[in-house]
Amino acid sequence: MNDKQTHFGFQTVNESEKANKVAQVFHSVAQNYDIMNDVMSGGLHRVWKHFTIHTARIPKGGKVLDIAGGTGDLSRGWAKRVGKDGEVWLTDINSSMLTVGRDRLLNEGLILPVAVCDAEKLPFPDNYFDLVSVSFGLRNMTHKDVALSEMYRVLKPAGTLLVLEFSKVYEPLAPMYDAYSFKLLPLMGKLIAKDADSYQYLAESIRMHPDQETLKQMMLDVGFDQVDYHNLTAGVVALHKGVKY
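Residues numbered from 1 in each chain as written. Predicted model: local features only at pLDDT ≥ 70, side-chain atom pairs only at ≥ 80, totals over all residues. Heavy atoms only, no water.

(A) How the structure looks around the overall build of the protein chain. When helices and strands are tallied, the protein chain shows nine helices and nine strands. Its C-alpha atoms give the protein chain a radius of gyration of 17 Å, within 12% of the compact-globule value 18 Å for 245 residues. With the principal axes as the frame, the protein chain shows a C-alpha extent of 45 × 40 × 35 Å. Split into buried and exposed, the 245 residues of the protein chain put 51% on the buried side. Element-wise, carbon and sulfur atoms account for 54% of the exposed surface of the protein chain, whose accessible area totals about 11,500 Å². Charge-centre separation for the protein chain: the mean point of 27 positive side chains lies 5 Å from the mean point of 29 negative side chains. (Helix = DSSP H or I, 4+ residues; strand = E, 2+ residues; numbered from the N terminus. Rg over C-alpha atoms; globule rule 2.2 N^0.38 Å. Buried < 20%, exposed > 50% of the residue type's maximum accessible area, 1.4 Å probe, protein only. Areas by Shrake-Rupley, 256 points an atom, 1.4 Å probe, with all protein chains shown as cover. Lys, Arg positive; Asp, Glu negative; His and termini not counted. Charge placed at Lys NZ, Arg CZ, Asp CG, Glu CD.)

(B) Layout of the pattern of salt bridges. Considering all chains together, one arrives at 11 salt bridges under this definition. Between D73 and R76 there is a salt bridge, with its nearest N and O atoms 3.2 Å apart. Of this pair, D73 and R76 both sit in helix α4 (residues 73-82), three residues apart, roughly one helical turn. Taking the relative accessible area as the measure of exposure, D73 reaches 13% and is therefore buried. Linked by salt bridges that have partners in common, K49, D73, R76 and E108 make up one network. (Salt bridge = Lys/Arg side-chain N within 4 Å of Asp/Glu carboxyl O.)

(C) Here's a closer look at helix α5 (residues 95-107). With 13 residues, α5 should reach 18 Å at 1.5 Å per residue; the first-to-last C-alpha distance of 18 Å fits that figure. Here α5 has its buried residues at M97, L98, V100, G101 and L105. Buried residues in α5, looked at end-on, bunch into an arc of 160°, giving them a common side. Where α5 begins, the capping side chain belongs to N94, and its oxygen is found 3.1 Å from the backbone nitrogen of S96. (Expected span 1.5 Å × (residues − 1). Arc of directions from axis to C-beta. Polar contact = N/O pair within 3.5 Å; in protein donor to acceptor, adjacent residues only side chain to side chain.)

(D) Expanded view of the pairing of strand β7 (residues 155-166). For β7, a buried count of nine out of 12 residues is recorded, marking the element as mostly surrounded by other parts of the structure. Judged from the six bridges that link them, strand β6 (residues 129-135) and β7 form a sheet pairing that is parallel. Bridge assignment links V134 to a residue of β7, and that residue is V163. Bridge count between β7 and strand β9 (residues 237-243): seven bridges; the pairing is antiparallel. Each bridged residue has a counterpart across the sheet, and for F166 the counterpart in β9 is V237. (Pairing = 2+ DSSP bridges.)

(E) Representation of the sheet that holds strand β4 (residues 87-92). Spatially, β5-β4-β3-β6-β7-β9-β8 is the arrangement adopted by the seven strands of the open sheet, whose pairing is mixed. Edge positions in the sheet fall to β5 (114-116) and β8 (226-232), since each of these pairs with one other strand and no more. Going across the sheet, the axis of each strand differs from the next one's by a mean of 15°, ignoring polarity. For β4 and β5, the ladder comprises three bridges, and the chain directions are parallel. Across the sheet, residue D92 finds its bridge partner in β5, namely V116. (Axes fitted to C-alpha atoms, helices over the stretch in contact; angles between N-to-C directions.)

(F) Layout of the packing of helix α3 (residues 44-55) against α4. Across the interface, α3 lies against α4 with an axial gap of 10 Å and an inter-helix angle of 30°. Like other packed secondary-structure pairs, α3 and α4 cross with a definite hand, here right-handed. Between α3, through H45, K49, T52, I53 and H54, and α4, the contact on the second element is made entirely by D73, L74, G77, W78 and R81. Each residue belonging to the contact of α3 with α4 can be placed in one class, and the counts come to three nonpolar, four polar and three charged. (Left-handed = near helix turned anticlockwise from the far one by under 90°. Contact = heavy atoms within 4.5 Å. Nonpolar A, V, L, I, M, F, W, Y, C, P; charged D, E, K, R; others polar.)

(G) Geometry of the nonpolar core. Ranked by internal contacts, the top residues of the largest apolar core, which has 41 residues, are W48, W78, F166 and V237. The element contributing the most residues to this core is helix α8 (residues 196-208), with five residues. Those residues within four positions of W78 in sequence are excluded, and the remaining contacts are T52, I53, A56, V64, D66, V88, L131, S133 and L162. Listed in part, the 24 residues of the second largest apolar core include F129, L161, V222 and V227. (Core = buried A, V, L, I, M, F, W, Y, C linked by side-chain atoms within 4.5 Å.)

(H) Geometry of the packing of aromatic side chains. In total, this model carries seven aromatic pairs according to the counting rule given. With a centroid separation of 6.4 Å and an interplanar angle of 85°, the aromatic rings of W48 and F166 are classed as edge-to-face. Separated by 118 residues along the polypeptide, W48 in helix α3 and F166 in strand β7 bring together distant segments of the chain. Look at F136 and F166: their rings are 4.8 Å apart centre to centre, the planes differ by 40°, and that puts the pair in the tilted class. Taken together, the residues span a long stretch of sequence, with F136 in the loop between β6 and α6 (144-154) and F166 in strand β7 at a distance of 30 residues. Given the relative accessible area of 9%, F136 is considered buried. Exposure remark for F166: the relative accessible area of 14% places this residue in the buried category. The residue whose ring lies beneath K63 is Y128, and the NZ or CZ to ring-centre distance is 5.4 Å. (Phe/Tyr/Trp six-rings, centres within 6.5 Å; stacked < 30°, edge-to-face > 60°. Lys NZ or Arg CZ within 6 Å of the ring centre and 35° of its normal.)

Written out as structure tokens, the structure is:
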């Protein structure tokens, strides 16, 4: 594979095509995103996000950047953590997802700054945020190393990056997990969201994402001084934590 090509699920596509293909997926699933997450994970995605929010070190009045914030679950939690004097930015590259998240937060009385932006070109100054989070979004980025470098750049010294993402499940469970991912997920997508193809891509994109140790090394390579991770639900999901000293 040359450097002008990349993965879109199991397909090999030109880098210039990937962003549009990913955008089509999330424009398609935006309105049913939370319903499908609940169905696919049995509600566990809420537990994973709760763990992320409540294990983070973030001061009252702190500044937080929520990348690929989708429907706003983490932003809501960060807003509660930092309080009225804090600053939480909800961002996503996909306008449909961002609109759903913004409207949901507004309906709950939360008015947060919102921006459509590319994680590989963050429109924020150096050393600005106490915490950066990205939840189930890193695997869709074309140049993950560039995005991680940008996250490092906008963090203050002693700031923390949290990456919540699907990862490599424990080996004994892999056959069962594969059967679920490649047979049941597209079927549920077809029945509930009328969109089997997007959920086929979801299953494939998880398999193409770096495993726990590889992602840890990628974070170290872009400059993070300390990186560790927690496996959740037998490695179905991992939460990586990187600290910038």
